[in-house]
Every structure is written in C-alpha cells, then in structure tokens.
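Residue-level listing of the chains:
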Amino acid sequence: MTTNPHDELQDAALNHLWMPTQDWADLAENGVTFMDEGDGVRVRTSDGKWGYDGVAGLMLVNVGHGRQEIVDAVTGQLGRLHYANTFKYGSEPVARFAAKVAWHTPGDLNRVYFTSGGSEAVETALKVAYRYHYNRGEPGRRKFIGRDGSYHGTTRGALSVSTSGYLDRPSYDEILPDNFRVAPQPAYYRREDESLSPSEFSVRCAQAVEDIILEEGPETVAAVIAEPVSFSAGVAIPAAEYWPMLRDICDRHGVLLIADEVITGWGRTGRWFGIEHWNVVPDMMTMAKGITSGYFPVGACVVRDAIFTEFQGGPETTYRHGITYGGHPAGGAAGLANVGIMEREDLNGNSERMGERLLARLEAMREHPTVGDVRGLGLMCAVELVSDKDAKTLLSETPGAVESLNQRLMDGGLYTRATRQVFFAPPLCVTAEEIDDMADIFENSLTATEKELGLA
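Residues numbered from 1 in each chain as written. Predicted model: local features only at pLDDT ≥ 70, side-chain atom pairs only at ≥ 80, totals over all residues. Heavy atoms only, no water.

1. Digging into the sheet that holds strand 4 (residues 109-115)
In step 1: If you walk across this open sheet you meet the seven strands as 4-10-9-8-7-5-6, and the pairing is mixed. Since the sheet does not close on itself, it has two edges, and those belong to strand 4 and strand 6 (180-183), each with one partner. Neighbour-to-neighbour, the strand axes of the sheet open up by a mean angle of 20 degrees, direction not taken into account.
In step 2: Packed on one face of the sheet, helix 5 (residues 92-104) meets strand 4, strand 9 (284-287) and strand 10 (299-304) and runs near 130 degrees to strand 4.
In step 3: Along the sheet, helix 8 (residues 198-216) contacts strand 5 (143-147), strand 6 and strand 7 (221-226); its crossing angle with strand 6, the most-contacted strand, is approximately 150 degrees. (Pairing = 2+ DSSP bridges. Helix = DSSP H or I, 4+ residues; strand = E, 2+ residues; numbered from the N terminus. Axes fitted to C-alpha atoms, helices over the stretch in contact; angles between N-to-C directions. Contact = heavy atoms within 4.5 Å.)

Set out below in structure tokens:
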C-alpha cells in the first residue's frame, strides 16, 4: 500500500511541529496549510493553488519571492566561507553590508551590530541604551518608555517593552523586569477624546511621553522605543508633529530615542526607513525582515557615532554582547544582493506609487458597512473592521465573522491577515494589475461576508 506524501506531511506536522499561534483543535480537523513555492508576489500551497501573498510572508519579502540572484549570492558564500567567529573576526560580505546599511540610514547612524532577527536587534538596543548611560556615569537610567499596543519582539527584553495583545504579556509579568512605562499610541481612530483633531491627538500622545519622564525623573529613564508607524496597533500613523516632538523631548532630558524599523524599514513605507517621513534621526534604529527579504535570517541595531564613542576606551566600557549567528557571512551576502535589487529596481518608488494606488482602492470601500477606517503609508495598509460604525464595535466580536472572511480571502486567492483589521503589505515589486486584483478579491470577500451577517 502506497503512503500518500501529503498525509505523511500532515502527520509529521500535527504530531511533531509546534505552531504556537494556531488553534490545534482546528488544525486537527482541517489540517495544516503548507506553502510550497513562491514567485514574485504570489505563493503556491502544496495542493497546487496559487494566491497573492498579501502580507509579504510576515511583512518581509520586500523584493518578492523566487529571486535567484539572492539565492546564488547565499549559496556562493556558503561554498566559500560558511561561518566566521564574529566575536573575533570579520568577513568581507558582512563588512561591505555594514557599509551599505550605514549608507542608507539617515544622519550619522553609522555603526551596525548584526543579529539574527528583530527581537535580538531590540534586545541589543535596550542593552546598548542602558550601558551607554552606565558608561557615562548614570547607572540609574534603567527605565524604558514604550507605547500602548506596540510589538517589539518575543524575547524577554523585547517583550518587556511590548504591549501588543498578541503577545499575551500579562501571563509573563512575573518574569519581566519592572522598568517599563507605557505611553499612549497615536492611533487616531479609537482615540478617547473625539473632539481632538489628528494633530492635536498626536501632540497629546507625545506630551504624555514627557509627562512620564518628568514623573519618573529624567535621571531614571534610559530610552524611548517606538515604531515610526505601528503595524501591530493597526498601522497607526502619527501626525507630522509627533516624531519631531519626541526627538526634542528626548534631547532635553538626556533620553535616547530608539526607532524600531523592523517592519517599516527597507522600503515598506516608500522610503528606505519609515522615520524619514518625519526628517528625524533617532539615536538607534532596529531593523530586520526586509533587510534580506527573508532569504536569510538577519537583523541589526544601528547606532549614531556619539553612542558608539561611549563604548571605546578599554575593557571597562566595552560592550560585552554576542549572538552566535549575528554577522553571518551568508547573511551579509543575502543583504547585499537584496539591497542591490531594491536600488536597481527603485522598489522604494514602486512602494510609494503602488501604496497610493492600494490606499485609493481601499478608501473607495469606506461605504461598506463593515469598513470603519482605512489607513496606510506606502505598501503598509489596514482596513478597520466593524459591525457598527457609530459605536466602532469590532467585527471580531461577532462570532465567526472574521473566520468567515479569512476563509473567503484564502478561497479567493489572497493570503493576508484579518483580525481587528485586514492588513495589506505585499512585496514591493507588486504591479498595478496585481494591486487591483487583490483589492477586488478583498471587496468581493467582504461583500459576501456582510451579506452572510445580514449587514448588507
């Protein structure tokens, strides 16, 4: 009797693979969906069905799937030198990639510490922030300020400055440090004071950061960490005043400013980095995801020259921190090839143009009874899903509604994430025709779901 390879694969996954965010009762009943192949902005499941990758894997496949140029760069490097001990040695692709990263980061963000991913990049930045003050004779600066609804990673330090509901932070409170304070997120749609304009609300959110610094005592605060645009908070885009205010507040109180660009970096918002929309230079920048478009696991913490200087001078001030696979030669090769494609094909420009097209298509759907709000910057957009526009009641509170919409999106050939919002973050190489196809699939799926719920 011949064993069905697909059944064998399902058994392997269901019996041995841990997919912690999934409902295992549902997987046991319906099976695991396997991605089998990728090409451009599309992916194919193991049952042979092609569909659009509406969130670029996990907001990271910026140059698209199937880029043989990057594959060749990685395999070529692995064949030449597959590893170098980064505690003591460098390698050519990593040094060249560090220079490339520094070339594209704003201002004097010139020193690059490579990691294996975004959580490690944030861990690195938090330790750098504390040790920077320590080296300057201010060891009491041990507190960090973040924002409500933000996601900075799953490792202990990164989790300690995160508040996204997805992370279930409260269940880990007993093992997390107590040096974190929460400021409001400039997510305008669900603001408490409906009388405030977007500008007024963002100013109030920035002022809240200074209020926390003053309440805690500036001499106790190490850094403020924030995403230029918070994806986890539903693509929360602050008004023009917000980031310049944060920069000024941090400067006045000697607090470091960390911009988490893990999602917003490398062209996602139509610029190399999201912070460039506000012409602000943070003290540190964390990045990952689009830095290699996922072809190799790489993250980085980039610091300004003045930060780096405080770690020079001998063993007493050296930054003792290491990640085994940070600065991997193949990662450097992948990054160089990835950024080379972005430069050559002007994917930042395409992100801006196609983002405007996508946002216009989504804005045209505001008349739908389940569309509460539409937001976007570059190829990072979100549609707020509601069952009651006036009360702003979440559609996810209606049993089965979001699950039904997700299934229709998959059946229609669009792989994305529908929860409180539906997210759109396709690869930056997407075309106008593909944008229109994705928008059509979404609108048709939304209409069918509304009719099922009796809302249309």
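2. A look at the packing of helix 12 (residues 347-363) against helix 14 (residues 432-453)
In step 1: Across the interface, helix 12 lies against helix 14 with an axial gap of 10 Å and an inter-helix angle of 25 degrees. Taken together, the axes of helix 12 and helix 14 are roughly parallel relative to one another. Both helix 12 and helix 14 take part in a crossing whose hand is right-handed. Here Met354, Arg357, Leu358, Arg361 and Leu362 of helix 12 lie close against helix 14, whose contacting residues are Ala432, Ile435, Asp436, Ala439, Asp440, Phe442 and Glu443.
In step 2: Its residues assigned to classes, the contact of helix 12 with helix 14 comprises seven nonpolar, no polar and five charged. (Parallel < 35°, antiparallel > 145°, perpendicular 65-115°, else oblique. Left-handed = near helix turned anticlockwise from the far one by under 90°. Nonpolar A, V, L, I, M, F, W, Y, C, P; charged D, E, K, R; others polar.)

3. What to know about the pattern of salt bridges
In step 1: The full count for this structure, using the stated rule, is 33 salt bridges.
In step 2: Ionic pairing is found between Arg169 and Asp173, a salt bridge with its closest N-O pair at 3.6 Å.
In step 3: A salt bridge links Arg304 to Asp283; the nearest nitrogen and oxygen atoms lie 3.8 Å apart. Of this pair, Arg304 sits in strand 10 while Asp283 is found in the loop between strand 8 (256-260) and strand 9, placing the two residues 21 residues apart along the sequence.
In step 4: Overall, the relative accessible area of 23% leaves Arg304 in the partly exposed class. (Salt bridge = Lys/Arg side-chain N within 4 Å of Asp/Glu carboxyl O. Buried < 20%, exposed > 50% of the residue type's maximum accessible area, 1.4 Å probe, protein only.)

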